[in-house]
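These are the residues of each chain, in order.
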Amino acid sequence: MKKLLLFLVAIGFSATAMAQQDKRLKGIDVELNKILEATKAAGFAVAIVEGDKIIYAKGFGYRDYENKIPIDGNTLFAIGSTSKAFTSAILGQLRKEDKLSFDDSPRKYIPELKFFKDNMNNNIIIKDLMCHRTGMSRHDASWYFFPSASKDSLVQRLAHQEPFAGVREKWLYNNFMFLTQGVIAERITGKSWEDNIKERFFIPLGMTRSNTSIGEMKTATNAAIGYDLKKETIISKMDYYDISGMSPAGSINSSVNDLSNWLITWLNKGKFKGQEIIPENYIEEAMSSQMVVGAALPNDKNPDIHFGNYGYGWSLKSYKGHYRVSHGGNIDGFSADVTFFPSDKIGIVVLANQNGSAVPGLVRNTISDYMLKVNKTDFIKLFIEDMAKAKKTESEAKKKTAAERITNTKPSHILQDYTGKYSNPGYSEFAITNQNDSLFVKFKIKKLYLRHVHYDVFEPFEVTKTGIDTTDSDGEMRFNFTTNESGEIASVKIKLDDLLGPIEFKRKPNTIKVDKEVLAKYVGEYELAGMATKVYLKNENKLYLFVPGQPEYELLPTDKHKFSIKNLEGFKIEFVEEADNAINSVIFVQPNGKFTAKRKG
C-alpha cells in the first residue's frame, strides 16, 4: 500500500514538473487559481494530454471543503454525461464483432421497447439513439425524481413519453436514448453495462481508480464531496445523487489521471499502448458530424468559436480555427468536461466538485488558448459579465412571476382533499400528504413543501436537512390541480419539460386499513332505482360492488364509511350509519349526481 501511495504521488509530481518545463503553460497556475476564486468553487482537477503522454495533472482547491483536504490528479469525481462516449463506444466494439449494425432497429435487441408513436417504432434506428435525433424531448424528471434500479423498467416508460419533433427532424438531447444503448449492449453480451465498461475500458486502459456507482464512490479513498453555491457566496455540501438504473447515461466516477488514458486512446485512433481498444473506423465516425445541433454562428463576443454538431456521445465545434471534440457532464454537486483536438493531438479533462459549474468550460478554454498558441481571451471577464446579466434576468423573472400572482384567492378544497397518490405511466408515482396544515410532496429521493400561489396552483420548495428556503424559487415549476365532473381533485399538472406542456399525474385517494369485522357490516343487497346491487367480501378483507350488467368493482376505503370505486374516476360510495350503528343505506356519488340505495331485507 505504501509503495502504491508513493507511485500515485509520483504521477502527480512528474506531470506538474513537466508542465513547468513546457513553455506553452507558463503562468497557467495563476490563471487557474483566478478561475477558482471567481467561481467560488470548492475545487477542481485538470489534466492535459499531448500525443500519448500526460503533460500536466493538478488539483486546485479542496475535495473536502470543510476539512480543507486538497484535490490531486487521482481524486475521484462524478463525471456525469461525459460517460456517454463510453456507452456508445461499446456499440462501436460490438459492430466490429458483427454483433449489430447501427442501422438496426433497437427493438431487434429489446423486443418489448415501444415509443409513443408507431412512426417512431418503425423508423428509429440505433444510430438515432447515439446522436440525439429521435425527436424525443428530454423527460429528465422521469428518471431524476423517479429513479429505478431496473434499466428495463425505465425503458418501458418510453412508450408513454411524448416526442417534441419527428424522427431525424431536430437534435434533442435525451438521456433515455443512452440508457437504451446500454440495455442493447447488455442483451447482446449477456453482461451488465457496468461490467462491460469495466472489462472493455477500465481494465485495458489502466483506469484503476474509476468505478460506475455511487456505492463504490462512497467507499473509495480520495473521493471528492459535491458542493453547491448558495446565495453567490456560500459553499454548501450536497448529497451524492444515485443515478441508479440510468447509469449508461452518466454514472461513471473517475479522476483526471484515469480519463487521460481515455483521451490518449481517442487521440491515437483507438489504440492505447499499441493495443486497439476502440475500432479506428468507429473513432472517425464518432467524432464526425452525425446531426446538426444548431446554427452556432459566430458572434461578436467569440467570433472564432462557432459550428455546432454532434457525433456519437461527442459535441463538435470549431474553436479558433481548431476542430474540437468535447462533452460536458453535470450531476448533483459535480461538473465535468472532456475535450480533445484531434488534429493537434491535445486533450484536456476538467473535473469540478461544484454543482452546475462554469469551471470546466472556463478551465478548458483557458488551457486551449495556451496549448494552441492562439490569441488569449479573458474568459473570467466574460464569465463575470454573463453572471451579472443572468442575475438581472433572474431578478426580472421573479418580479414578473410575483406580478402574475392573483391575490386574495384560496384553494377550492380543504388541503386533505389534495392528498393521495399521483401517477403517470411515463414517469412513476409520488404521494402528497397533509402535515400540520401544509401539503408535502414525497418523491423517492426528495421531499417538497407546496406553498399556495393562487386558486388551485401551488409552488414547490425542497425540504432539506437545514429546513425549507422559501426564498429559493425558480418561479417556473408549478403544481396545478384539476377537478373531475364530481368536483373532486382528480389530477395535478406539472411543468417538467421545457419543450412540452405540463405532465399530468392522475390522483388516487389515499386508502385506509379497515378490519374485516367492520367491512362485514357493509355486506348486503341495496336497491338502487329498482335495481339490486350487491356489496360483498372477497379474499376475506376486500370489499366489492356488483351492479347488474357491469363488471364487479373493488371498493377502496378512504375514510370512515367512505370508499372510492377502483378504476372509475369520480365515482365513490358512502355508507350511511344510523343512530343504532346499523348500515341501512348507501349513497352513490357520481359525476351526474348523488343517488341513495336502501338495504333490502
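My aim in this report is to walk through the structure given alongside it, one point at a time. (Residues numbered from 1 in each chain as written. Predicted model: local features only at pLDDT ≥ 70, side-chain atom pairs only at ≥ 80, totals over all residues. Heavy atoms only, no water.)

### Let's talk about the overall build of the chain
Next up, step 1: Looking only at helices and strands, the chain features 15 helices and 32 strands.
Next up, step 2: Looking at the chain as a whole, 51% of its 601 residues qualify as buried.
Next up, step 3: By sequence separation, contacts in the chain at least 24 residues apart represent 57% of the contacts at least 6 residues apart.
Next up, step 4: Surface accessibility of the chain: about 28,200 Å² in total, with carbon and sulfur atoms responsible for 51%.
Next up, step 5: Side chains of the chain carry 82 positive and 74 negative charges; the gap between the two charge centres is 2 Å. (Helix = DSSP H or I, 4+ residues; strand = E, 2+ residues; numbered from the N terminus. Buried < 20%, exposed > 50% of the residue type's maximum accessible area, 1.4 Å probe, protein only. Contact = heavy atoms within 4.5 Å. Areas by Shrake-Rupley, 256 points an atom, 1.4 Å probe, with all protein chains shown as cover. Lys, Arg positive; Asp, Glu negative; His and termini not counted. Charge placed at Lys NZ, Arg CZ, Asp CG, Glu CD.)

### Quick look at the sheet that holds strand 26 (residues 531–538)
Next up, step 1: Strands sit in the order 25-26-27-28-29-30-31-32 around a closed barrel of eight strands; the barrel is antiparallel. Across the sheet, the axes of successive neighbouring strands diverge by a mean angle of 35°, strand direction being ignored. (Pairing = 2+ DSSP bridges. Axes fitted to C-alpha atoms, helices over the stretch in contact; angles between N-to-C directions.)

### Considerations on helix 9 (residues 193–202)
Next up, step 1: Summarising burial for helix 9: seven of the ten residues are buried, a large majority.
Next up, step 2: Within helix 9, the full set of buried residues consists of W193, E194, N196, I197, R200, F201 and F202. All buried residues of helix 9 project into a common sector of 160° when viewed along the axis, lining one side.
Next up, step 3: Of the surrounding elements, those touching the buried residues of helix 9 are helix 3 (84–96), helix 7 (151–156), helix 8 (175–189) and helix 11 (256–267). (Arc of directions from axis to C-beta.)

### Considering the environment of V463
Next up, step 1: As for its position among the elements, V463 is in strand 20 (residues 457–464).
Next up, step 2: Taking the relative accessible area as the measure of exposure, V463 reaches 26% and is therefore partly exposed.
Next up, step 3: For the pair formed by V463 and Y449, sequence separation is 14 residues and the distance between their alpha carbons is 6.5 Å.
Next up, step 4: When near neighbours in sequence (up to four residues on either side) are disregarded, V463 contacts F440, K447, L448, Y449 and I468.

### A short note on unusual backbone geometry
Most peptide bonds adopt trans geometry, and most residues besides glycine take a negative phi value.
Next up, step 1: Even without being a glycine, F307 presents a positive backbone phi close to 70°.
Next up, step 2: Tracing the backbone through its elements, the reader meets F307 in strand 11 (residues 305–310).
Next up, step 3: Despite not being glycine, Y455 has its phi angle at roughly 50°, a positive value.
Next up, step 4: Within the secondary structure layout, Y455 lies in the loop between strand 19 (447–454) and strand 20.

### Considering the nonpolar core
Next up, step 1: In terms of nonpolar packing, the biggest core is built from 108 residues, with F201, W262, W314, F430, F479, F481 and F505 touching the most fellow members.
Next up, step 2: Contacts of W262, omitting those with residues within four sequence positions, involve A85, F86, A89, F201, L205, M207, I278 and W314.
Next up, step 3: Counting 31 residues, the second largest nonpolar core, distinct from the first, contains I35, I55, L372 and F383. (Core = buried A, V, L, I, M, F, W, Y, C linked by side-chain atoms within 4.5 Å.)

### Some details on the pattern of salt bridges
Next up, step 1: Overall, the coordinates contain 34 salt bridges when judged by the stated rule.
Next up, step 2: With a closest N to O distance of 3.4 Å, K34 and E31 form a salt bridge. Of this pair, K34 and E31 both sit in helix 2 (residues 28–39), three residues apart, which is roughly one turn of that helix.
Next up, step 3: You can call K34 partly exposed: its relative accessible area is 41%.
Next up, step 4: Accessibility expressed as a relative area gives 23% for E31, which makes it partly exposed.
Next up, step 5: D228 is the partner of K230 in a salt bridge, and the nearest nitrogen-oxygen pair spans 3.7 Å.
Next up, step 6: Judged by its relative accessible area of 35%, K230 is partly exposed.
Next up, step 7: Residues joined in a network through salt bridges with shared partners are D22, R24 and E50. (Salt bridge = Lys/Arg side-chain N within 4 Å of Asp/Glu carboxyl O.)

### Here's the deal with the packing of helix 8 against helix 9
Next up, step 1: One way to put it is that helix 8 packs onto helix 9 with a least axis distance of 9 Å and a crossing angle of 80°. As the angle between them shows, helix 8 and helix 9 are arranged roughly perpendicular. Along the contact surface, helix 8 presents G182, A185, E186 and T189, while helix 9 presents W193, E194, N196 and R200. (Parallel < 35°, antiparallel > 145°, perpendicular 65-115°, else oblique.)

### Observations concerning the sheet that holds strand 15 (residues 346–352)
Next up, step 1: In space, the nine strands of this open sheet follow the order 3-2-1-15-14-13-12-11-10, with antiparallel pairing throughout. Each edge of the sheet is formed by a strand with only one pairing partner; in this case those strands are strand 3 (69–70) and strand 10 (291–294).
Next up, step 2: The strands touched by helix 11 are strand 1 (43–50), strand 2 (53–64), strand 14 (334–341) and strand 15; relative to strand 15, the strand with the most contacts, the crossing angle is about 150°.
Next up, step 3: On top of the sheet, helix 13 (residues 359–372) reaches strand 1, strand 2, strand 12 (315–319), strand 13 (322–331), strand 14 and strand 15; it is set at about 155° to strand 15, its chief contact.

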